[in-house]
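# Understanding the architecture of this molecule
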Amino acid sequence: MNTRPLIESPSEQAALSVAFNNDSSRFAVGLDSGFRIFLAATCQTQTTRPLNAGLGLVQMMGNANYLALVGGGRSPKFPQNKVIIWDDSKGKVAFEIAALTAVRGVQITKTRVVVVQQNSVRLYAFEKPPKPLAKYETADNLLGLCCLTDKYLAFPGRTPGHVQVVQLATDSVSILPAHSSSLRAIQLSTDGELLATASEKGTLVRIFATGSCAKLAERRRGSENATIFSLRFSPSGNMLACTSDKGNLHIFDVPNLRRSPPSASRGRRSLSPSAGATGTNSGADATNKWGFLSNIPFGPFSDVYSFTSAPFETGSEPLQNNHNMRRLSDNAVLGTTRPVKGVIGWINETSLLVIGAGYDARWEKFVLREGEDGRYVLVREGWKGYLGN
């Protein structure tokens, strides 16, 4: 039962898109009238930029003044086939990148811009005019799945369920056969050394080392199919958060070869290093939730589940799911489909946020707290309707 008071009254304005910057210190919201940027930790408005028309994608370049914008909503500000690089310090367009078909996603750093289309990913140098660097073919990618760090670029492969990982320093491309069905979510760690993937089945999350392409772990979200909304590594890479249309936020332990052995934390959960890194402590505890059934060598009973979870609000609007995503038209305008929910951002190693778009544009804060038995539990600390502040 939700007994927390509503901090703000519901807004009549809808968020068309929502996305964190690379360190989750801020998040940007695309609106029918322009965009807003919020300080993530406090959900306070930092910038409001009226443009008198809609934006279906707003992606920040870290904490710099540049943003990548794509038109959307009922009255798009820009054509669907253009990425606008916006200089907010000057309040004007710095340059633009035109594509032949609609843009489905965009990523931006101080040196590169990535434009995602339904069946291709294009890499550009961040300069005026933008210099094309590479083009990669992909399977259908209406979700615009793509991740970019200073060292790696990751996006769907030509075969459904596969991931292409580009090492930017050498332009070498590795193919990871991550799943047997189409991808629903991918995420790189902050340093780019880890990659998390989930398919449209939504039961398993797999974690890979980008350097060696080795599969490091497999974590089970649940036994029933679900639509994964978001994956996000903690700042250290020791944990992975996951949301889905089941309305739960899960936290998984992540194996990390750079950690010291977890023997010192035996019998007590430690956040860093994580006790479940090798599956000797927390991994076994998560498996043993099924008792003697966990001794069965195959199937969901022997898998490693999240070490803690908590419900988050999905609101009353119809949710994105794999069925309605498959029915999307190739010409669907960004910001006119079902709103994204459950977008994750870590404030620090023990605090994280979940935000959603739509009319029920909600910001929720969760914290990891140590219980009496020494295990960490996930607690929802508060929430706001961020368009009302």
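Residues numbered from 1 in each chain as written. Predicted model: local features only at pLDDT ≥ 70, side-chain atom pairs only at ≥ 80, totals over all residues. Heavy atoms only, no water.

### Description of the sheet that holds strand E15 (residues 163-167)
Selection criterion: A pair of strands is labelled paired if DSSP reports no fewer than 2 bridges between them. A run of H or I in DSSP becomes a helix once it reaches four residues, and a run of E becomes a strand once it reaches two; helices and strands are each numbered from the N terminus.
As summarised here, the arrangement of the four strands in space is E13-E14-E15-E16, forming an open sheet in which the pairing is antiparallel. Strand pairing shows two members of the sheet lacking a second neighbour, strand E13 (147-148) and strand E16 (172-176), which therefore form its edges. Of the strand pairs in this sheet, E13 and strand E14 (residues 152-156) are connected by two bridges, and their pairing is antiparallel. Of the residues in E14, the one forming a bridge with Leu148 is Leu153.

### Some points on the environment of Arg375
Structurally, Arg375 is set in the loop between strand E28 (362-370) and strand E29 (376-385). Measuring from C-alpha to C-alpha, the distance between Arg375 and Phe307 comes to 8.7 Å, with 68 residues separating the pair along the chain.

### Observations concerning the pattern of salt bridges
Let me state the cut-off plainly: For this analysis, a salt bridge means a side-chain nitrogen from Lys or Arg found within 4 Å of a carboxyl oxygen belonging to Asp or Glu. Burial classes: relative accessible area under 20% of the type maximum marks a residue as buried, over 50% as exposed, and values in between as partly exposed (1.4 Å probe, protein chains only).
In this structure the tally under the stated criterion is 14 salt bridges. One salt bridge connects Lys82 with Glu96, and the closest N-O pair in it is separated by 2.8 Å. Here the residue Lys82 occupies a position in strand E7 (residues 82-87), and Glu96 occupies one in strand E8 (residues 92-98), the gap between them amounting to 14 residues. We classify Glu96 as partly exposed; its relative accessible area is 37%.

### Description of the confidence of the model for the chain
Put simply, the rule is: Residue-level confidence of the predictor, termed pLDDT, takes values from 0 up to 100. The contact definition used throughout considers only heavy atoms, calling two residues in contact when any of these lie within 4.5 Å.
Mean pLDDT for the chain: 87, with 82% of residues reaching 70 or above. Within the model, pLDDT remains below 50 along residues 259-270, and this stretch shows 30 contacts once partners closer than five positions in the same chain are excluded. Here residues 272-298 is a poorly scored stretch, pLDDT under 50, and it has 55 contacts once near neighbours within four places are set aside; other chains count.

### Description of the pairing of strand E23 (residues 248-253)
Counting buried positions over the six residues of E23 gives five, a clear majority of the element. Across five bridges, strand E22 (residues 239-244) lies against E23 in antiparallel orientation. Bridged to Met239 within E23 is Asp253. Here E22 folds back onto E23 in antiparallel fashion, the turn holding three residues, of which Gly247 has a positive phi close to 80 degrees. Summarising the sheet, E23 and strand E25 (residues 308-311) pair through four bridges and their orientation is antiparallel. Each bridged residue has a counterpart across the sheet, and for Leu249 the counterpart in E25 is Ala310.

### Concerning the packing of aromatic side chains
Here is the rule we go by: Classification of ring pairs rests on two measures: the distance between centres of Phe, Tyr or Trp rings, Trp counted by its six-membered ring, which must be within 6.5 Å, and the angle between planes, read as stacked under 30 degrees, edge-to-face over 60 and tilted in between.
Tallying each qualifying case throughout the model produces seven aromatic pairs. Residues Phe27 and Phe38 carry aromatic rings whose centres are separated by 4.9 Å and whose planes lie at 10 degrees to one another, so their mutual orientation is stacked. Taken together, the residues Phe27 in strand E2 (residues 26-31) and Phe38 in strand E3 (residues 34-39) connect sequence positions 11 residues apart. By relative accessible area, which is 0% here, Phe27 ends up buried. Arranged with centres 5.3 Å apart and planes meeting at 70 degrees, the rings of Phe38 and Tyr386 form a pair that is edge-to-face. In this pair, Phe38 is assigned in strand E3 and Tyr386 in the segment after E29, connecting sequence segments 348 residues apart. Of the two residues, Phe38 and Tyr386, both sit in the buried class. By the ring-pair criterion, three or more aromatic residues cluster together here, those being Phe20, Phe27, Phe38 and Tyr386.

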